[in-house]
Amino acid sequence: MNDLDPLSPNSADSQRRLMMALALAMALTFAYTYFFAPQGPPPGAGVADAGQVATADAGTPAPGAGTETAGTPPPAGSGTDVSGTPSEATPPLPVRTLEFERQVAHYAFSTQGAGLTSAELKGEKMREQQQVSIADGYKLLFGGNVKPPPQMNLAQPVPGQPLPLSVSIAGPSPLSADARYAVAETGNTENGATFTARQGPWEVTKSLQWPKEGFELIYTLQVKNTSAQAATGELQLHYNRAIDPNNEHAPSFFGGVGNLSYASCRVGEEKHKLAPEQGLPDAEDTRGLVHYFGIDQQYFLSALYPLDGPMQGRCEFVATDKARAVTASFPLTAAPGETVTLRFGGYFGPKEDDLLASVPGQVLRDATGLGATTYNPQLTETIDYGMWAVIAKLLVSIMKFFHGLAGNWGVAIILLTVLVKLILLPLTHRSMVSMEAMKRLQPRIEELRKKYADDRERQNMEMMKVYQEAKVNPLGGCLPMLIQMPVWIALFTALRNSYDIYQEPFFGPVWRDLTFKDPTYILPLALGVSMIITQKLQPQMGDPTQAKIMTWFVPIIFTLTLLNYPAGLALYIFTNNILSIAQQYGLRKWLERKGGGDGGLPAGTATATAGGKRK
């Protein structure tokens, strides 16, 4: 029998090659199916758009907005996974945007990462702090118009970085922060949305729900291990925010209060904050019980906190001139088929003391089944008054009371000034009487300066002797100002932290925001003039050079310092100076009428002036 042609399909070699090829194909198919085949979204997951505006393919409006537009996600193993890995069978899910119109804000979510692309607050006060130049200030003063600042957007994405509220899993089986999610069909899409993604062994379901109109949000994460083996990793929640350097500036001595945003996280009993050019906190200090994390701006806050109490984890920070980012990481372990659920509350709004103190609100507690003694994340501590907290909070409370009466925060500051002046009236009266007495002692003091010009020690001894005989204190005139200094600093601290006064006007078209500088510089310049007048009313202390320094140099430096400080602070000090001038002028006239020129002065003043001895 002749051997078959080795290339013939009936030959033994060809059959062996065919069997080997089939076996190899089956092995590769099995390996691909078991290890690499993508999985579709969970059964029954659809796309709900009622009450939302949907866009697809990187912002292109989807046809029939408000209806199902993206189609039903493909089932598991259909050739496309929800992370967007393409296959020949089915194209990946399109990137869509879901928009939610609320009374207080406009929110937009992307299905790529299921994170926020916008959280734009509504309302006149919910704006970036306007940077008004001196030209714009005088333009407003003479009836012109200036473009208003943009609305405050608490969720501006950072290019190339995870979206705010996005989730990733680090570890042996990672889940990327930009995985594509399907939008699940829910009964009430006006108050939230549910997103689902599968990648590797993980199935992640994110539920975002607003329990009512307001700034609070319920954020529920369900992470399921779909594999037949236990899975571990680190669940990471991201909150990144892009920063426009034109709308932000750092505080400085002559440059004003600043309005920096900070990447913030409270771990244990310590609050960590990071801004550009600040050193990173020690890694060990950022490990422990995480109370809250987010982006802390001067008057606004974006924060997440565990609803069921602080969770063991860690925080990482990034702060550049164009971005702030905080990532909170929590250990994750799931048995085969197990679902791990984490619940967070969110607050995205103004740092108003009453609102922050009530977080989580009653409606949110009812919606999540939390009791009346629910954990409070202490978000009020983000209103950082520092070491002046006691006085600053007292001043804010008093100004709130006066605002309730007058309806104007500028008038409230003026009434606060009057109140403080009345409280300090006994002290300032004695001080002014002492200054008037000092003024009458000046001829005697000048004689002593000339007599002991070459002996400064003797000169000072003789001058103190005259003061003691006249029972006056040469430093008494400084005491009221020293007492007022803590009030000034506390008021400055209140203005740079209190949302109640933010974007609140005094009067006219110019002074629109008492927490921002006066763009015309009229108030600080008027303050400087009033300070010079106040100094001229006081007796000269020391030699003429020192007197000139106190009369001119100190007010000028003080005015230059306050040029870029809040207009509310300049208004307070200016009002205080006007009241002091009126009080001292009135006291002088009263003393002249009462005592014929020296009546009412401390005993011995007149005689000490005449001869240095008592009768």
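Look up: the structure comes first, before these words.
Reading guide: rules and limits
Residues numbered from 1 in each chain as written. Predicted model: local features only at pLDDT ≥ 70, side-chain atom pairs only at ≥ 80, totals over all residues. Heavy atoms only, no water. Helix = DSSP H or I, 4+ residues; strand = E, 2+ residues; numbered from the N terminus. Buried < 20%, exposed > 50% of the residue type's maximum accessible area, 1.4 Å probe, protein only. Contact = heavy atoms within 4.5 Å. Areas by Shrake-Rupley, 256 points an atom, 1.4 Å probe, with all protein chains shown as cover. Polar contact = N/O pair within 3.5 Å; in protein donor to acceptor, adjacent residues only side chain to side chain. Patch = residues over 30% accessible without salt bridge, like charges linked within 9 Å, V, L, I, M, F, W, Y side chains within 5 Å. Salt bridge = Lys/Arg side-chain N within 4 Å of Asp/Glu carboxyl O.

S.K.: Which residues make up the overall build of the protein, and what are the values?
M.R.: Assigned secondary structure in the protein consists of 13 helices and 18 strands. Looking at the protein as a whole, 50% of its 615 residues are labelled buried. Long-range contacts, defined as pairs at least 24 residues apart, comprise 68% of the intrachain contacts of the protein with a sequence gap of at least 6. Accessible surface, the protein as shown: approximately 29200 Å² in total, 59% of it carbon and sulfur.

S.K.: Could you give an account of the side chain of Asn-240, naming the residues involved and the relevant values?
M.R.: Inspection of the secondary structure assignment puts Asn-240 in strand 11 (residues 231–242). Assessed through its relative accessible area of 3%, Asn-240 is described here as buried. A polar contact is formed between the side chain of Asn-240 and the backbone oxygen of Pro-162, at a distance of 3.1 Å. The residues touching Asn-240, leaving out its near neighbours within four places in the chain, are Gln-156, Val-158, Gln-161, Pro-162, Pro-164, Arg-324, Ala-325 and Val-326.

S.K.: A description of the environment of Tyr-467 should follow, citing residues and the corresponding values.
M.R.: Relative to the helices and strands, Tyr-467 resides in helix 8 (residues 456–470). On the accessibility criterion, Tyr-467 (4% relative accessible area) is buried. Separated by 30 residues in the primary sequence, Tyr-467 and Ala-437 have C-alpha atoms spaced 9.5 Å apart.

S.K.: Summarise a nonpolar patch on the surface; cite the residues concerned and give the values.
M.R.: The grouping of Ile-549, Trp-552, Phe-553, Ile-556, Ile-557 and Leu-560 at the surface amounts to a nonpolar patch, some 560 Å² of accessible area in total. Take Phe-553: it is sitting in helix 11 (residues 544–562).

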